[in-house]
Amino acid sequence: MLVNKSRQFLYQPFTLKPPQILALLFLILIIVGAVLLKLPIAHEKTISWIDAFFIATSASTVTGLVTVDPGTTFTLFGEIVILFLIQVGGLGVMSFASLIVIMLGKKISIKQRMLMQEALNQPSLGGVIRLVRNLFLFSISIQIIAISVLSIRWVPDMGLSKGIYYSVFHVISAYNNAGFSLWSDGLIRYVGDPTVNLVITWLIITGGIGFTVLIDLWVSKTWKELTLHSKVMIISTFVINILAILLVYLFEFNNPKTLGMLSGGEKLWAAYFQGISPRTAGFNSIDMTAIQPDTALLMTLLMFVGAGSASTGGGIKLTTFVVILFTVLTFIKGKDETVVLKRTIRNAIIFRALAITMISLMVVFIALFILTYVQKGDSFMVILFEVVSAFGTVGLSMGLSPHLMLISKIVIMAVMIFGKLGPLTLLFSLAAPKKDNIRYPDGEVLTG
């Protein structure tokens, strides 16, 4: 019996947990993308393996940081590879795999449902398949509408084929909050264009607010029927966007290299666009290398906060920030329970928010420490901006990306992957959480 038990232990199959499988699938996507981008058919200018992996990582994590100019470096095939990585990375590897299974008429196993639950950051397995179906229905519908509108704007300027293609590329990039552009200066040439500004920002907000919120808005008939999460996301998105727009307008108003050289209407459009973009997308309509230090610091905070849960964006997530903010206010007021919109927030959610924020801060600090050591000639603000942009999978840069050293590129790639998968997903992939039934005596620790 002892021998049989030892043999059973010896030949017990190794099983991966959902977070581990999710991380593995994501790494496979990056590797495949890098190999395709390194093919001679994919680029017009020779690129190194590290740059191929960097671009593949940036596209898969829907970040938008680039060490080479995509518009002049890659061929049509290479750009289509980037688009594919953006779409799969934005909507989720497991979501695409599940859609194929559904289309083939196969049943989704419990393990596959658990993977989708992990990928979409859902609290339970219930309704995961329906969420995936609705996710694709909403995403494709929104992108088709946006492509049609942008095509009407760009086809007369560029011609039929190029106008449609540029519309498709920038719509997919904007909806997935990727920030990739076929123009080396981003969208600066359209700084005062109402159509381009409205379409791109509408896609950024739609993709960044979260799939669960979009579906909740679709099925709910009144404000009262919306979930607490949806209400918090809608209100906080509106508030933070308005504040960001006003502050960008104030900080950059007299800057001769950004808003200062624009007309009154163009200043408003530029502030509007650049106030919305930094939190999730990474598109720019002004020169990011010329922004004021206070604007850079504001955008760094916006990038760290990020988008909504179950969205195409990164960061610690806006709801995480709101939970921590209200918890702090609760402590200041001397109350026992954190209440948001007349609903009590459970301690488990507060602990989760604190864990996400602390782990994220630690990763950002470690990356910042390494890059500060390696990138000797670059300013601290430029390096901080780059690191937080990678963590928030935003893609804005103050000009550092093309000048990154080899070690710095590897670090930024790791931060982009961390920002996309999320701190808890990576943490749980390394160690499964265990409940401790032991209750220890209370102790006092001086703080503050």
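Each value, and the rule that gives it
Residues numbered from 1 in each chain as written. Predicted model: local features only at pLDDT ≥ 70, side-chain atom pairs only at ≥ 80, totals over all residues. Heavy atoms only, no water. Helix = DSSP H or I, 4+ residues; strand = E, 2+ residues; numbered from the N terminus. Buried < 20%, exposed > 50% of the residue type's maximum accessible area, 1.4 Å probe, protein only. Contact = heavy atoms within 4.5 Å. Salt bridge = Lys/Arg side-chain N within 4 Å of Asp/Glu carboxyl O. Core = buried A, V, L, I, M, F, W, Y, C linked by side-chain atoms within 4.5 Å. Lys, Arg positive; Asp, Glu negative; His and termini not counted. Phe/Tyr/Trp six-rings, centres within 6.5 Å; stacked < 30°, edge-to-face > 60°. Lys NZ or Arg CZ within 6 Å of the ring centre and 35° of its normal. Expected span 1.5 Å × (residues − 1). Axes fitted to C-alpha atoms, helices over the stretch in contact; angles between N-to-C directions. Parallel < 35°, antiparallel > 145°, perpendicular 65-115°, else oblique. Left-handed = near helix turned anticlockwise from the far one by under 90°. Nonpolar A, V, L, I, M, F, W, Y, C, P; charged D, E, K, R; others polar.

S.K.: Can you walk me through the overall build of the protein in this structure?
M.R.: Each helix and strand in the protein was counted, giving 19 helices and two strands. Sorting the 448 residues of the protein into buried and exposed places 52% on the buried side. Within the protein, counting contacts between residues at least 6 apart in sequence, those at least 24 apart form 69% of the total.

S.K.: Looking at this model, I keep getting lost on the pattern of salt bridges. Mind explaining?
M.R.: Where side chains of opposite charge bring their charged atoms close, a pairing between them can arise. This model, assessed by the stated rule, comprises four salt bridges. Note that lysine 409 is salt-bridged to aspartate 51, the shortest N-O span being 2.9 Å. Remark: aspartate 51 occurs in helix α3 (residues 49-60) and lysine 409 occurs in helix α18 (residues 406-421); sequence separation between them is 358 residues. This pair shows no difference in class: lysine 409 is buried, exactly as aspartate 51 is.

S.K.: Is there a simple way to think about the nonpolar core in this case?
M.R.: In globular proteins that are soluble, nonpolar side chains generally tend to be buried together. Residues Phe180, Ile200, Phe385 and Ile412 are the most contacted members of the largest nonpolar core, which totals 106 residues. Excluding anything up to four places from it in sequence, isoleucine 200 contacts Leu150, His170, Ala174, Leu187, Phe273 and Phe283. Val232, Val323, Val340 and Ala353 belong to the second-largest nonpolar core, a separate cluster that totals eight residues.

S.K.: Looking at this structure, how should I read the side chain of lysine 231?
M.R.: Turning to its location among the elements, lysine 231 is positioned in helix α12 (residues 228-252). The side chain of lysine 231 sits in the buried core without any salt bridge; aspartate 216 is the nearest counter-charge, 8.4 Å away. Setting aside its immediate chain neighbours within four residues, lysine 231 contacts Trp223, Lys224, Leu226 and Leu341.

S.K.: Would you mind showing me how to read the packing of aromatic side chains here?
M.R.: Aromatic ring pairs are defined here through the distance separating the ring centres and the angle between the ring planes. Going through the model one piece at a time under the given rule, you end up with 13 aromatic pairs. For the ring pair tyrosine 165 and tyrosine 166, a centre distance of 6.1 Å and an interplane angle of 75° mean the geometry is edge-to-face. Per residue, the accessibility class of tyrosine 165 equals that of tyrosine 166, and both read buried. A centroid spacing of 5.1 Å and a plane angle of 55° characterise the contact between tyrosine 166 and tryptophan 183, whose relative ring orientation is tilted. Taken together, the positions of tyrosine 166 in helix α9 (residues 160-175) and tryptophan 183 in the loop between α9 and α10 (194-209) put the pair 17 residues apart, joining distant regions of the chain. The exposure class of tryptophan 183 is buried, given its relative accessible area of 10%. What links up through ring pairs into an aromatic cluster is the set Trp154, Tyr165, Tyr166, Phe169, Trp183 and Tyr190. For the cation-ring pair, lysine 267 lies above phenylalanine 253, with the distance from its terminal atom to the ring centre recorded as 3.8 Å.

S.K.: When you look at α9 in this model, what are you seeing that I'm missing?
M.R.: Spanning 16 residues, α9 covers 22 Å between terminal C-alpha atoms, matching the ideal 22 Å at 1.5 Å per step. Taken together, the buried positions of α9 are occupied by Gly163, Tyr165, Tyr166, Ser167, Phe169, His170, Val171, Ile172, Ser173, Ala174 and Tyr175. Backbone geometry just after α9 places asparagine 177 at a positive phi near 55°.

S.K.: Any chance you could explain the packing of helix α14 (residues 293-305) against helix α17 (residues 380-391) here in plain terms?
M.R.: Pairs of packed helices are described in terms of their axes, by the angle between the two and the distance that separates them. Direction vectors running N to C along α14 and α17 enclose 20°, while the axes themselves pass 8 Å from each other. For the element pair α14 / α17, the angle class is roughly parallel. Crossing handedness for the pair α14 and α17: left-handed. Here Ala296, Leu297, Met299, Thr300, Met303 and Phe304 of α14 come into contact with α17, specifically with Met381, Leu384, Phe385, Val388, Ser389 and Phe391. The class makeup of the residues in the contact of α14 with α17 is ten nonpolar, two polar and no charged.

S.K.: Can you walk me through unusual backbone geometry in this structure?
M.R.: Peptide bonds are mostly trans, and most non-glycine residues show a negative phi. Phi at lysine 317 takes a positive value of approximately 90°, unusual for a residue other than glycine. Tracing the chain through its elements places lysine 317 in the loop between α14 and α15 (318-333). At leucine 341, a position not held by glycine, the phi torsion is positive, near 55°. Checked against the element boundaries, leucine 341 lands in the loop between β1 (339-340) and β2 (343-344). Residue classification places leucine 341 among the partly exposed residues on the basis of a relative accessible area of 42%.

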